[in-house]
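# A closer look at the structure
Residues per chain, in single letters:
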Amino acid sequence: MAGLYYAVQQMGREADIWIFGDITRYPMDDSDMSAGRLVDKIAELEADALNVHIDSYGGSVSEGWAIYNALRQFRGRVTTYGDGFVASAALYPFLAGEERFASTLSAYYLHEVMTWGDGYADDLRKAADEADRLTEIGVKAFVERTGMTEDEVRALMQAETWLTPEEAMARGIATAIKEDAMQRRTQSAKRQVMQKMRDAAEKGEEPRRQKGKEPPRSGIMETLAGIF
């Protein structure tokens, strides 16, 4: 399924970053966002403020953490916007903002780290233990940024919880709710990247892929697979 391209736009000393695709360590097309791609883009900017717009189903939890850390280490102000789905690993970049604005048309999804594996019973138990440890690491970011207790965050993850904008703000995930007039610039960016995709399709161009980089076939795979 094709996703929207991620995009970066700078105006003066302020820059906007739109994350509309999957969060993955192995970008396979222009819609994917990795921590490496984000860090490279930030390094090119001469900005004192970043506005990060997110509409993503999530993906790799380790990349979500790396993006979170990169945004937290940015020298200027970081403001994040929930423009649609802010799900799974995409929650970590959202939490990086000092101010975190939820659109009135947005939703927030928490769940425990997912994994799969094969092998002997001991191998499966080890994979389950690793998934539990990764979940516990992720819980700490929510506690630090939202003020929720570990038990509260854990309960939301275990229940595989969707939150409305109001519920996200009540739990400290969002700091405010913005009316959807805030999305004019986001919708303009989406139109631009959608046109880019249509132009590429008309020319018969295939999405750009990075050769020689295939995702691992075993071990921890932190994805949102199987939800939709």
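Shown above is the structure to which this text applies.
For the protein chain, the count of helices and strands is seven helices and eight strands. Per-residue burial for the protein chain yields a buried fraction of 48% across its 228 residues. Surface exposure of the protein chain reaches about 12,100 Å², of which carbon and sulfur atoms provide 50%.

On to the pairing of strand 6 (residues 107-110), then. Every regular strand shows the same layout, with side chains that alternate between the two sheet faces. Where burial is concerned, the two faces of strand 6 agree: the one with A107 and Y109 and the one with Y108 and L110 are both buried. Strand direction decides the pairing type here: strand 6 and strand 7 (residues 161-163), joined by three bridges, are antiparallel. Among the inter-strand pairings, L110 is bridged to a residue of strand 7, identified as T161.

Looking now at the side chain of T161. Within the secondary structure layout, T161 lies in strand 7. A relative accessible area of 16% means that T161 is categorised as buried. Reaching out from T161, the side chain makes a polar contact with the backbone oxygen of L156 at a distance of 2.7 Å. For T161, the residues in contact, after removing those within four places along its chain, are Y108, Y109, L110 and L156.

Quick look at helix 2 (residues 61-72) now. The terminal C-alpha atoms of helix 2 lie 16 Å apart, and with 12 residues this matches the ideal 16 Å at 1.5 Å per residue to within 8%. By the criterion of burial, helix 2 is predominantly enclosed, with nine of the 12 residues buried. Every buried residue of helix 2 is accounted for by V61, S62, E63, G64, W65, I67, Y68, A70 and L71. In this fold, the buried residues of helix 2 make contact with helix 1 (35-44), strand 3 (49-56), strand 4 (77-87), helix 3 (91-95) and helix 4 (121-146).

Here we come to unusual backbone geometry. Excluding glycine, residues mostly carry a negative phi; peptide bonds, for their part, are mostly trans. Look at S88: it is not a glycine, yet its phi comes out positive at around 55°. Take S88: it is sitting in the loop between strand 4 and helix 3. Using a relative accessible area of 10% as the deciding quantity, one classes S88 as buried. The phi angle at E160 is positive, at roughly 50°, despite the residue not being glycine. Mapping E160 onto the fold places it in the loop between helix 5 (150-158) and strand 7. Residue E160 is classed as exposed on the basis of its relative accessible area, which comes to 51%.

Applying the stated rule across the entire model yields seven aromatic pairs. Between the aromatic rings of Y81 and F101, the centroid separation amounts to 5.3 Å while the plane-to-plane angle is 25°, which identifies the pairing as stacked. Placement of Y81 in strand 4 and of F101 in strand 5 (residues 99-103) is noted, with a sequence separation of 20 residues between them. Like Y81, the residue F101 is buried in the burial classification. With a centroid separation of 5.1 Å and an interplanar angle of 50°, the aromatic rings of F85 and W162 are classed as tilted. You can see F85 sitting in strand 4 and its partner W162 sitting in strand 7, a full 77 residues away along the chain. A residue is classified by how much of its surface remains accessible, and F85, at 29% relative accessible area, is partly exposed. Site record: aromatic cluster; members linked through ring pairs are Y57, F85, Y109 and W162. Positioned over the ring face of F101 is K178, at 4.9 Å from the centre of the ring.

What counts, and at which threshold
Residues numbered from 1 in each chain as written. Predicted model: local features only at pLDDT ≥ 70, side-chain atom pairs only at ≥ 80, totals over all residues. Heavy atoms only, no water. Helix = DSSP H or I, 4+ residues; strand = E, 2+ residues; numbered from the N terminus. Buried < 20%, exposed > 50% of the residue type's maximum accessible area, 1.4 Å probe, protein only. Areas by Shrake-Rupley, 256 points an atom, 1.4 Å probe, with all protein chains shown as cover. Pairing = 2+ DSSP bridges. Polar contact = N/O pair within 3.5 Å; in protein donor to acceptor, adjacent residues only side chain to side chain. Contact = heavy atoms within 4.5 Å. Expected span 1.5 Å × (residues − 1). Phe/Tyr/Trp six-rings, centres within 6.5 Å; stacked < 30°, edge-to-face > 60°. Lys NZ or Arg CZ within 6 Å of the ring centre and 35° of its normal.

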